[in-house]
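Structure at a glance
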Amino acid sequence: MSTMFEALPFLLGGLWTTLFVSAAVVVISLLIGIPLGCALVFGPAWARLPIRLYADFVRGVPILVLLYFIYYGLPALRINLPSLLAAIVALTAFKSAQIVEITRGAFQAIPKGQTEAAQSIGLGLFDRFFYVLAPQAVRRFLPPFINSMVDTVKGSSLVSLLGIVDLLLSLQQVIGRTHVALPLYVLGALMYFAINFPLSALSRRLEKRFV
């Protein structure tokens, strides 16, 4: 027990890195994924094809492969990224592709009758999107998006493979020094649980309310 308390300040530093990486990935992915998802649904054919290829290709590649490609592969093209930035770029690329699909699904789940009714009362494209479609899409978007946030927190543990001292690597470093494994892994699991359980509970609540 004393080892757990002594290691806690160091683990909290790793936890901060985990939270920072996760938050950065979620925010940037939203800024990229939502516009691309809307373009996939409402855009012209020439715009939909590359977005479709991007989303399908990136989602079909393991995150670890993306991580290694960006950190170890891009230097061959004279693009050298610091490990933290490379990790955020790789995770963001993967998460953005997921957000594209979540956005597409949210809009396409809206009955076509909603659009037809809006057209029948004379609403233009802008008004139909922002006053009719978008509010309904948000309700369908939130539950899977919250689940995606949970996956982001768990997936952020891969950054430790690039030497970034996140929660997982800080655990491994403390265990390497103290040779006390089980209590520290339990502590680490509880810290991950403290982040992810409220998000999972929120997702279930939103799903019951909106879906």
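Residues numbered from 1 in each chain as written. Predicted model: local features only at pLDDT ≥ 70, side-chain atom pairs only at ≥ 80, totals over all residues. Heavy atoms only, no water.

**Structural notes on the packing of aromatic side chains**
The full count for this structure, using the stated rule, is eight aromatic pairs. Ring centres of Phe 42 and Phe 107 lie 5.2 Å apart, and the angle between their planes is 85°; this geometry places the pair in the edge-to-face category. In this pair, Phe 42 sits in helix α1 (residues 2-42) while Phe 107 sits in helix α4 (residues 83-108), placing the two residues 65 residues apart along the sequence. For Phe 107, a relative accessible area of 11% translates into the label buried. Look at Phe 42 and Phe 129: their rings are 5.6 Å apart centre to centre, the planes differ by 85°, and that puts the pair in the edge-to-face class. (Phe/Tyr/Trp six-rings, centres within 6.5 Å; stacked < 30°, edge-to-face > 60°. Helix = DSSP H or I, 4+ residues; strand = E, 2+ residues; numbered from the N terminus. Buried < 20%, exposed > 50% of the residue type's maximum accessible area, 1.4 Å probe, protein only.)

**Structural notes on the environment of Tyr 192**
Here Tyr 192 shows up in helix α8 (residues 182-210). In sequence terms Tyr 192 and Val 65 are 127 residues apart; their C-alpha atoms lie 24 Å from each other. Once residues within four sequence positions are removed from consideration, Tyr 192 is found in contact with Thr 18, Val 153, Ser 157, Asp 166, Leu 167 and Leu 168. (Contact = heavy atoms within 4.5 Å.)

**Notes on the confidence of the model for the chain**
With 96% of its residues at a pLDDT of at least 70, the chain reaches an overall mean of 87. Across the chain, the element-wise mean pLDDT spans from 75 in helix α5 (residues 112-120) up to 94 in α4. (pLDDT = per-residue confidence, 0-100.)

**Focus: the pattern of salt bridges**
Tallying each qualifying case throughout the model produces five salt bridges. With a shortest N-O distance of 3.0 Å, Arg 52 and Asp 56 are connected by a salt bridge. Note that Arg 52 and Asp 56 are positioned in helix α2 (residues 45-59) at a spacing of four residues, about one turn of the helix. For Arg 52, a relative accessible area of 24% gives the class partly exposed. Of the charged contacts in the structure, one is a salt bridge between Glu 101 and Arg 52, with a shortest N-O distance of 2.1 Å. One end of the pair, Glu 101, is in helix α4; the other, Arg 52, is in helix α2, with 49 residues separating them in the sequence. One salt-bridge network, held together by shared partners, links Arg 52, Asp 56, Arg 59, Glu 101 and Arg 104. (Salt bridge = Lys/Arg side-chain N within 4 Å of Asp/Glu carboxyl O.)

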